[in-house]
Amino acid sequence: MQKDFLGLRDTSYELISEILNRAKSMKQSLLCGEKLNNLAGKSIVTLFYENSTRTRLSFELAAKQLSATTSSIAAQSSSVQKGETLLDTGKTLSAMRTDMIVMRTSLSGAPHLLSRHVPASVINGGDGTNEHPTQALLDMFTMVEKKGDLRGLNVTIAGDVLHSRVAKSNIFGLIKMGANVVLLSPGSLLPPGLECMGVTIEYNKKKAFQNADVIMGLRIQLERQRGGLFPSVSEYNALYGLTEDMFDYVKPDVLILHPGPMNRGVEIDSAVADSTNSAIEEQVTNGVAVRMALLSLLSEGLS
Ligand code: CP
């Protein structure tokens, strides 16, 4: 039995498929406004040490939709400010009989540490530059909805791969599910060793985009950079951004995704983000459905 959900690196093809399948029925219930009882009597805490709009709210909505009680802790207003350690916070939440903790942090690996010290299920809501597994699940769910199958799908991920936990989780998940992953990024924003994971690196935007079924823009993560990794925002936008001129050479039905929050005019232009090819708002809806699926499966004991 699996207690926690910490990343897609170690998640099997079978489990990813099960979560994506369960998300279909969860989305149906969500759209019909049907409340479910899967988590009745369970207590879920969102422990967010970093800012979030989508992930925190969608976990809270998903938990409520499944009849759990939810509470949230933000670092700015918690006893972390008084020097409490993560493990002491974990002990406090355990003493309050918390069943699941969704954690976001700037520290890669912190959810893994917490998971070893609490009886509650720990879910990674994004840890540093490591992984953001539920974002990748909702991205893959959106791709399946729009394109039918991940196997053989050509997915280009463009932008700041080095600092992106979304990119890492998508790479682990998509490769496992049989997609072809191309990365477009300046060399200074690519971690070493990616080719060994089965992805293709491309430095030319037209080559990276023209055969893609899906193009995913990544947020440029200025808060995780020391600066100097690319010459200018306008050059970055022209060479690695999702710009309007790409519609001259991409497939007409290319699916545009972005995890949000977007830096319009930097990694994605409004003409692309708001185009009919874009499913960026549907990604947000799908985030609730996918998190409902994950929470319900976790409560049953993931295998
Ligand atoms: N995609 C994502 O993680 O968004 P938030 O930072 O708003 O949660």
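Small disclaimer: the values here were computed from a predicted structure and weren't measured. (Residues numbered from 1 in each chain as written. Predicted model: local features only at pLDDT ≥ 70, side-chain atom pairs only at ≥ 80, totals over all residues. Heavy atoms only, no water.)

Undergrad: How should I be thinking about unusual backbone geometry in this particular structure?
TA: Of the consecutive residues Gly260 and Pro261, the connecting peptide bond is found in the cis state with omega at -10°. Turning to its location among the elements, Pro261 is positioned in the loop between strand 9 (255–257) and helix 9 (270–273). Located in the positive-phi region is Ser67, a residue other than glycine, with phi close to 75°. When you line up the elements, Ser67 lands in the loop between helix 2 (54–65) and strand 2 (69–74). (Helix = DSSP H or I, 4+ residues; strand = E, 2+ residues; numbered from the N terminus.)

Undergrad: For this particular structure, what's the right way to read the site of the ligand?
TA: Ser52, Thr53, Arg54, Thr55, Arg104, His132, Gln135, Pro259 and Gly260 make up every residue found near the ligand. Thr55 is positioned with one of its side-chain polar atoms (N or O) 2.7 Å from an oxygen atom of the ligand. Note that a nitrogen atom of the ligand is positioned 3.0 Å from one of the side-chain N or O atoms of Gln135. Summarising the interface, the protein chains cover 91% of the accessible area of the ligand, which totals 250 Å² for the free molecule. Residue composition of the shell around the ligand, by class: one nonpolar, six polar and two charged. (Near = heavy atom within 4 Å. Polar contact = N/O pair within 3.5 Å; in protein donor to acceptor, adjacent residues only side chain to side chain. Areas by Shrake-Rupley, 256 points an atom, 1.4 Å probe, with all protein chains shown as cover. Nonpolar A, V, L, I, M, F, W, Y, C, P; charged D, E, K, R; others polar.)

Undergrad: Which parts of the structure should I look at to understand the nonpolar core?
TA: One broad rule of soluble globular proteins: the nonpolar side chains tend to lie buried together. With 58 residues, the main nonpolar core has Leu137, Met140, Met143, Ile157, Leu174, Leu183 and Leu295 as its most contacted residues. Per-element tally for this core: the top contributor is helix 10 (residues 280–300), with eight residues. With 22 residues, the next largest nonpolar core counts Phe209, Phe230, Tyr249 and Val254 among its residues. (Core = buried A, V, L, I, M, F, W, Y, C linked by side-chain atoms within 4.5 Å. Buried < 20%, exposed > 50% of the residue type's maximum accessible area, 1.4 Å probe, protein only.)

Undergrad: Teacher, can you tell me more about the environment of Pro252 here?
TA: Within the secondary structure, Pro252 sits in the loop between helix 8 (233–240) and strand 9. The class of Pro252 is exposed, set by a relative accessible area of 79%. The spatial distance from the C-alpha of Pro252 to the C-alpha of Ser108 is 38 Å, given a sequence separation of 144 residues.

Keep in mind these values describe shape, not function.
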